[in-house]
Amino acid sequence: MNKKRVLAIFMILILCIVGCNKNISQKDSENQFNVQLSKKVATRYLECLKRNDIEGANSMSTSSLASQNKVKDLSDMPILSFLVGNLVETGGSAYIEYICARNSKNTLNASLDTVTLQVVKEDGEYKVSDVKSENIKEVYVDKDNLRSVINGAGSDELIFRLNDLPINIYPKDIKPPIKKEKIPRNKFSSLGISYIGGKIGFATTDEKDSLIGIATVEQEKPSMASIGESIAQDSGTNSQGVDDKTLKEIFEKPTAQKIICYDILRDSKIEDIIFTEGDGDLLVQYTKKGQKGTGLKIYKNPDGRLLSIEFEKLFPMDKYSIIYEMATKTELIINVIPVGDKNNISQEILGKYTIDLVKEEMNKI
């Protein structure tokens, strides 16, 4: 056998070995669990739930989870916004935690929940295989009182009363701010909780105008049970003979450390109150009497300064609606859709926009 033939055989063997190793490497790569892909699937799943698209969520679920899902509608307590939390990989699966802000307009109830999704690889596709949810904090209206319940605390707490609000403020639409106006505070009309849970966005109304405000709350206060025990010890009597409602009215102190009234929106109804990541900004979606669309106001926390972008001028509410899509600490994405006569709508205006919350600039995507 000459040298050339030996060299040729040797080269063929080398190529075969390299090719086999490459195929093995590709198969290993294909079989390896990709955490980032699992996170994308989990986020799309939650986006479906946010849109109340249960069928869409089921299509990204394992067959077992989809068959177990008996929920058909989330409109009674929709997910307004969510924030990605912890991510844990366990070899063949991943657990992705989300902090979700939810709101019920019918019962004036807002909640902050954690939703944890398990993602596995099924038949080569990443699928949500399990969902676990837990309530962190809940805020609700009880007549003229705004109250909260923290998971595991064992009792509810008073945040503040309508009577604790100021009588007059300087509205943002009066320039320069030298004239005060009486605030509409007949009843609460909308609520929102920050992702951290320490700030509560609220709206009050007189059925015509609406007030936007924010309350900073303490995280822990003595429960009414401990107050009752303390009174009993001091007086030497049994607290069971004391009416709980009377105790609350006399002794309960609001947990709100600070209440700031941001603005008055005239002839308007507040639909949703949403905090951005890190409590940086307060997003307010509202409707206006005589208009079909939904508007947007963005207030900087904690001073309540209104973002300089004039959304009503750019997207008149008789023609367009501004829909919240998502937000980080520095960026907001909105979707502008038509609501009025199609002949008066500019197709170029429709679509998604990104808003730089720091530079206060808006660009179409």
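Refer to the structure printed above.
Rules used in this analysis
- Every chain is numbered on its own, with residues counted from 1 as its sequence reads.
- Reporting of local features is limited, given that this is a predicted model, to residues whose pLDDT is at least 70; pairs of side-chain atoms are given and counted only at 80 or more, and all residues count toward the totals for whole chains, interfaces and linings.
- Here the side-chain values reflect all heavy atoms present in the structure, with hydrogen atoms and water set aside.
- In this text, helices come from DSSP runs of H or I with a minimum length of four residues, and strands from runs of E with a minimum of two, each type numbered from the N-terminal end.
- Contacts: residue pairs with any heavy atoms within 4.5 Å of one another.
- Burial classification: accessible surface area is computed with a 1.4 Å probe over protein chains only, and a residue below 20% of its type maximum counts as buried, one above 50% as exposed, and the rest as partly exposed.
- Pairs of strands are assigned from DSSP output, requiring at least two bridges between the strands.
- Geometry is summarised by axes, namely lines fitted to C-alpha atoms with helices restricted to the contacting stretch, and by angles between N-to-C directions that run from 0 to 180 degrees.
- When a carboxyl oxygen of Asp or Glu lies within 4 Å of a side-chain nitrogen of Lys or Arg, that pair is called a salt bridge.
- By definition here, a helix of n residues has an expected span of 1.5 Å times n minus one.
- Any N or O atom pair separated by 3.5 Å or less is treated as a polar contact, with the protein-specific requirement of one donor-capable and one acceptor-capable atom, and with residues adjacent in sequence counted only for side-chain atom pairs.

Q: Any chance you could break down the environment of Val141 for me, citing the residues and the numbers?
A: The topology assignment puts Val141 in strand E4 (residues 125-142). A C-alpha to C-alpha distance of 9.3 Å links Val141 and Lys187, two positions 46 residues apart in sequence. Sequence-distant contacts of Val141, that is, excluding residues within four places in its chain, are made with Leu108, Leu146, Phe188 and Leu191.

Q: Give a detailed account of the environment of Lys132, specifying residues and quantitative values.
A: Within the secondary structure layout, Lys132 lies in strand E4. Among the residues examined, Lys132 registers a relative accessible area of 54% and is labelled exposed. Residues Lys132 and Thr114, spaced 18 residues apart in sequence, show a C-alpha to C-alpha distance of 8.1 Å. Contacts of Lys132, omitting those with residues within four sequence positions, involve Thr114, Val115 and Thr116.

Q: Can you break down the sheet that holds strand E18 (residues 331-338) residue by residue, with the values?
A: The 4 strands are arranged E17-E18-E19-E20 in an open sheet whose pairing can be described as antiparallel. Each edge of the open sheet carries a strand with a single partner, namely strand E17 (320-327) and strand E20 (361-364). Geometrically, the sheet is characterised by an average inter-axis angle of 30° between neighbouring strands, direction not taken into account. Summarising the sheet, strand E19 (residues 351-356) and E20 pair through 4 bridges and their orientation is antiparallel. Bridging from a neighbouring strand, Asp356 pairs with Glu361 of E20.

Q: Quick rundown of the pattern of salt bridges? Include the residues and the values.
A: Here the structure, examined in full by the defined rule, presents 15 salt bridges. Lys105 is the partner of Glu271 in a salt bridge, and the nearest nitrogen-oxygen pair spans 3.3 Å. Placement of the pair is Glu271 in strand E13 (residues 268-275) and Lys105 in the loop between strand E2 (93-104) and strand E3 (109-122), with a sequence separation of 166 residues. The shortest N-O distance in the salt bridge between Glu325 and Lys352 comes to 3.6 Å. Of this pair, Glu325 sits in strand E17 while Lys352 sits in strand E19, placing them 27 residues apart in sequence. For Glu325, a relative accessible area of 26% gives the class partly exposed. On the accessibility criterion, Lys352 (39% relative accessible area) is partly exposed.

Q: Requested: an account of helix H2 (residues 35-50), with residues and values cited.
A: For H2, which comprises 16 residues, the first-to-last C-alpha distance of 23 Å matches the rise-based estimate of 22 Å (1.5 Å per residue) to within 8%. Along H2, the residues classified as buried are Val35, Ser38, Val41, Ala42, Thr43, Tyr45, Leu46, Cys48 and Leu49. Elements that come into contact with the buried residues of H2 comprise helix H3 (54-59), helix H4 (63-68), strand E1 (79-89), E2, E3 and E4. Where H2 ends, the next residue or the one after it, Asn52, has phi of about 65°, a positive value.

Q: I'd like a description of the environment of Ser111, backed by residues and values.
A: Mapped onto the fold, Ser111 is located in strand E3. If we skip the residues at most four places from it in the chain, Ser111 touches Met77, Cys100, Ala101, Arg102, Asn135, Lys137, Glu138 and Ile193. At a separation of 3.4 Å, a polar atom in the side chain of Ser111 contacts the side chain of Asp113.

Q: Quick rundown of unusual backbone geometry? Include the residues and the values.
A: Of the consecutive residues Lys175 and Pro176, the connecting peptide bond is found in the cis state with omega at -10°. Residue placement: Pro176 occurs in the loop between strand E7 (168-169) and strand E8 (181-182). Cis rather than trans, the peptide bond between Asn301 and Pro302 has omega equal to 5°. Here Pro302 lies in the loop between strand E15 (294-300) and strand E16 (305-306). Although it is not a glycine, Asn52 sits at a positive phi angle of roughly 65°. Relative to the assigned elements, Asn52 resides in the loop between H2 and H3. Phi is positive for Asp279, which is not a glycine, with a value near 60°. In this structure, Asp279 sits in the loop between E13 and strand E14 (281-288).

What is shown is where atoms sit, not what they do.
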